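The residues making up each chain are set out below.
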Amino acid sequence: MLEVELPYPPSINHYWRRVGHATLISREGRRFRAHVVAILRRLNVQPLAGALAVEVAVYPPDRRRRDIDNVQKALLDALGHGGAYGDDAQIVRLEITKKEPVEGGKSVVRIRCV
């Protein structure tokens, strides 16, 4: 099992950018991903194998209206890129809960094998 506290992810609306005919991860998205990778590396996280259940509690940085489904893509991609698992196709159960805002925002992620 892996439990880790991460920064609040960028919305999917800010994660991708169009550049000509290409769609790329935005500067904000790359910065978030690099931060997650650094945290996982510091914790010496090893990839989990097999089917996974992921529980996420997101704590927004403020009380602005936010769609809960807009944070999952950046978060799951960053976790995979950081080595928490080999491929997000391993995730067979995903639960996301929006909590009360905290200064700066954060995400608490629990991943376990099922």
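Before reading further, recall that the structure is shown in the block above.
In what follows, the accompanying structure is described. (Residues numbered from 1 in each chain as written. Predicted model: local features only at pLDDT ≥ 70, side-chain atom pairs only at ≥ 80, totals over all residues. Heavy atoms only, no water.)

Let us look at the packing of aromatic side chains. Applying the stated criterion across every chain yields a total of 0 aromatic pairs. A cation over a ring is seen here: Lys106 above Tyr59, with NZ or CZ 4.9 Å from the ring centre. (Phe/Tyr/Trp six-rings, centres within 6.5 Å; stacked < 30°, edge-to-face > 60°. Lys NZ or Arg CZ within 6 Å of the ring centre and 35° of its normal.)

Looking now at helix α2 (residues 27-42). Relative to the 22 Å expected for 16 residues at 1.5 Å per residue, α2 spans 22 Å between its end C-alpha atoms, a close match to the ideal helical length. For α2, the complete set of buried residues consists of Gly29, Phe32, Val36, Val37, Ile39 and Leu40. The buried residues of α2 occupy an angular sector of 160 degrees when the element is viewed end-on, so they sit on one face. In α2, those exposed residues whose orientation departs by more than 90 degrees from the buried face are Arg27, Arg31, Arg41 and Arg42. Tucked into the core, α2 has its buried residues touching β1 (2-6), α1 (12-15), β3 (22-25) and α3 (72-81). At the exit of α2 stands Asn44, carrying a positive phi of roughly 55 degrees. (Helix = DSSP H or I, 4+ residues; strand = E, 2+ residues; numbered from the N terminus. Expected span 1.5 Å × (residues − 1). Buried < 20%, exposed > 50% of the residue type's maximum accessible area, 1.4 Å probe, protein only. Arc of directions from axis to C-beta. Contact = heavy atoms within 4.5 Å.)

With that settled, the discussion passes to the packing of α2 against α3. One way to put it is that α2 packs onto α3 with a least axis distance of 8 Å and a crossing angle of 45 degrees. One element, α2, and the other, α3, form an angle in the oblique class. Both α2 and α3 take part in a crossing whose hand is right-handed. Here Phe32, Arg33, Val36, Val37 and Leu40 of α2 come into contact with α3, specifically with Ala74, Leu75, Ala78, Leu79 and His81. Across the contact of α2 with α3, the residue classes break down as 8 nonpolar, 1 polar and 1 charged. (Axes fitted to C-alpha atoms, helices over the stretch in contact; angles between N-to-C directions. Parallel < 35°, antiparallel > 145°, perpendicular 65-115°, else oblique. Left-handed = near helix turned anticlockwise from the far one by under 90°. Nonpolar A, V, L, I, M, F, W, Y, C, P; charged D, E, K, R; others polar.)

The biggest cluster of nonpolar side chains holds 27 residues, and the ones touching the most others in it are Leu6, Leu79, Ala84, Tyr85, Val109 and Ile111. At the level of secondary structure, the elements contributing two or more residues to this core comprise β1, α2, β4 (52-59), α3 and β6 (106-113). The greatest single-element share of this core, amounting to 5 residues, is contributed by α3. Other than its neighbours up to four places away in sequence, Tyr85 contacts Pro47, Leu48, Leu52, Leu76, Leu79, Gly80, Gln90, Ile91 and Ile111. (Core = buried A, V, L, I, M, F, W, Y, C linked by side-chain atoms within 4.5 Å.)

Okay, the sheet that holds strand β5 (residues 91-98) next. Read across the sheet, 4 strands follow the order β1-β6-β4-β5 without closing on themselves; strand pairing throughout is mixed. Where the open sheet ends on each side, the last strands, each with one partner, are β1 and β5. Going from strand to strand, the sheet's axes swing by 15 degrees on average, the running direction of each strand aside. Relative to β6, β4 runs antiparallel, the two sharing 8 bridges. The partner of Glu55 across the bridge, within β6, is Arg110. (Pairing = 2+ DSSP bridges.)

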